[in-house]
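Descriptive analysis of the structure
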Amino acid sequence: MSSHAEIPPGFSPLQSGGPFIQHNGPLYLRHEGSVVQFGFRVERRHVNPMNNLHGGMMASFCDMLLPLSVHRKSDQVADRFLPTISLQIDYLAPAPLGAWVQGEAEPLRVTRSLVFAQGLVTADGVPCARVSGVFKIGPAVPSNAVE
């Protein structure tokens, strides 16, 4: 189900998030100019008993989408670890087995100690989740960390 041929043009595998996301991914990135998009194909291991994306996988995706987008869109915190303080997700529609789930996010405000961000996730082009979050500006990410 997750062959590279099923990934939309311009997306490439993302090596990030540590062992948890590596196990539950793969996630893909398309970064062209100011456009930063993350996505993944819903596989059997990602679904609930109704063959829709499990809410926990959507939450994990959203929890990666916001800070990783902020890293690429804000020079202020590009190299900083951004642990989650608050994550709000509105589940708008199901993402069925086989769907391409894609998200975009924007930093809303960066303060001395916090980052506020929001994003929208679609499944095969249909809005399926709205997300916002608050992140603590942590220490610099070690240069040998996978991001």
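Residues numbered from 1 in each chain as written. Predicted model: local features only at pLDDT ≥ 70, side-chain atom pairs only at ≥ 80, totals over all residues. Heavy atoms only, no water.

Notes on the overall build of the protein
- Along the protein, the regular secondary structure elements total two helices and seven strands.
- Of the regular secondary structure in the protein, the N- to C-terminal order runs β-α-β-β-α-β-β-β-β.
- The C-alpha radius of gyration computed for the protein amounts to 15 Å, which stays within 12% of the reference 15 Å derived for 147 residues, consistent with globular compactness.
- Here the C-alpha coordinates of the protein stretch approximately 45 × 30 × 30 Å along the principal axes.
- Restricting to contacts in the protein with at least 6 residues of sequence separation, those with at least 24 account for 62%.
- Surface exposure of the protein reaches about 7600 Å², of which carbon and sulfur atoms provide 55%. (Helix = DSSP H or I, 4+ residues; strand = E, 2+ residues; numbered from the N terminus. Rg over C-alpha atoms; globule rule 2.2 N^0.38 Å. Contact = heavy atoms within 4.5 Å. Areas by Shrake-Rupley, 256 points an atom, 1.4 Å probe, with all protein chains shown as cover.)

A closer look at the sheet that holds strand β2 (residues 27-32)
- Reading across from one edge, β1-β2-β3-β5-β6-β7-β4 is the order of the seven strands in this open sheet, with antiparallel pairing throughout. If you trace the sheet from one side to the other, it starts and ends with β1 (12-14) and β4 (84-91), each paired once. Across this sheet, the average inter-strand angle for adjacent strands is 30°, counted without regard to direction.
- Pairing of strand β3 (residues 35-41) with strand β5 (residues 100-110), which is carried by four bridges, proceeds in the antiparallel orientation. Bridge pairing in β5 places F40 opposite V101. (Pairing = 2+ DSSP bridges. Axes fitted to C-alpha atoms, helices over the stretch in contact; angles between N-to-C directions.)

Details of unusual backbone geometry
- The residue after G25, namely P26, is reached through a cis peptide bond having omega 5°.
- Looking at the secondary structure, you find P26 in the loop between α1 (18-24) and β2.
- Phi is positive for D124, which is not a glycine, with a value near 50°.
- On the basis of relative accessible area, D124 is assigned to the exposed category, the value being 52%. (Buried < 20%, exposed > 50% of the residue type's maximum accessible area, 1.4 Å probe, protein only.)

Considering the packing of aromatic side chains
- Applying the stated criterion across every chain, the model contains three aromatic pairs.
- Ring centres 5.1 Å apart and planes at 70° place the aromatic pair F11 and W100 in the edge-to-face group. Of this pair, F11 sits in the segment before β1 while W100 sits in strand β5, placing them 89 residues apart in sequence.
- Assessed through its relative accessible area of 6%, F11 is described here as buried.
- On the basis of an interplanar angle of 50° and a centroid distance of 6.1 Å, the ring pair of Y28 and W100 is categorised as tilted. Separated by 72 residues along the polypeptide, Y28 in strand β2 and W100 in strand β5 bring together distant segments of the chain.
- On the basis of relative accessible area, Y28 is assigned to the buried category, the value being 6%. (Phe/Tyr/Trp six-rings, centres within 6.5 Å; stacked < 30°, edge-to-face > 60°.)

What to know about the side chain of Q102
- Mapped onto the elements, Q102 comes out in strand β5.
- A polar atom in the side chain of Q102 sits 2.8 Å from the side chain of W100.
- Sequence-distant contacts of Q102, that is, excluding residues within four places in its chain, are made with F11, R30, Q37, F38, G39, F61, L120, V121 and T122. (Polar contact = N/O pair within 3.5 Å; in protein donor to acceptor, adjacent residues only side chain to side chain.)

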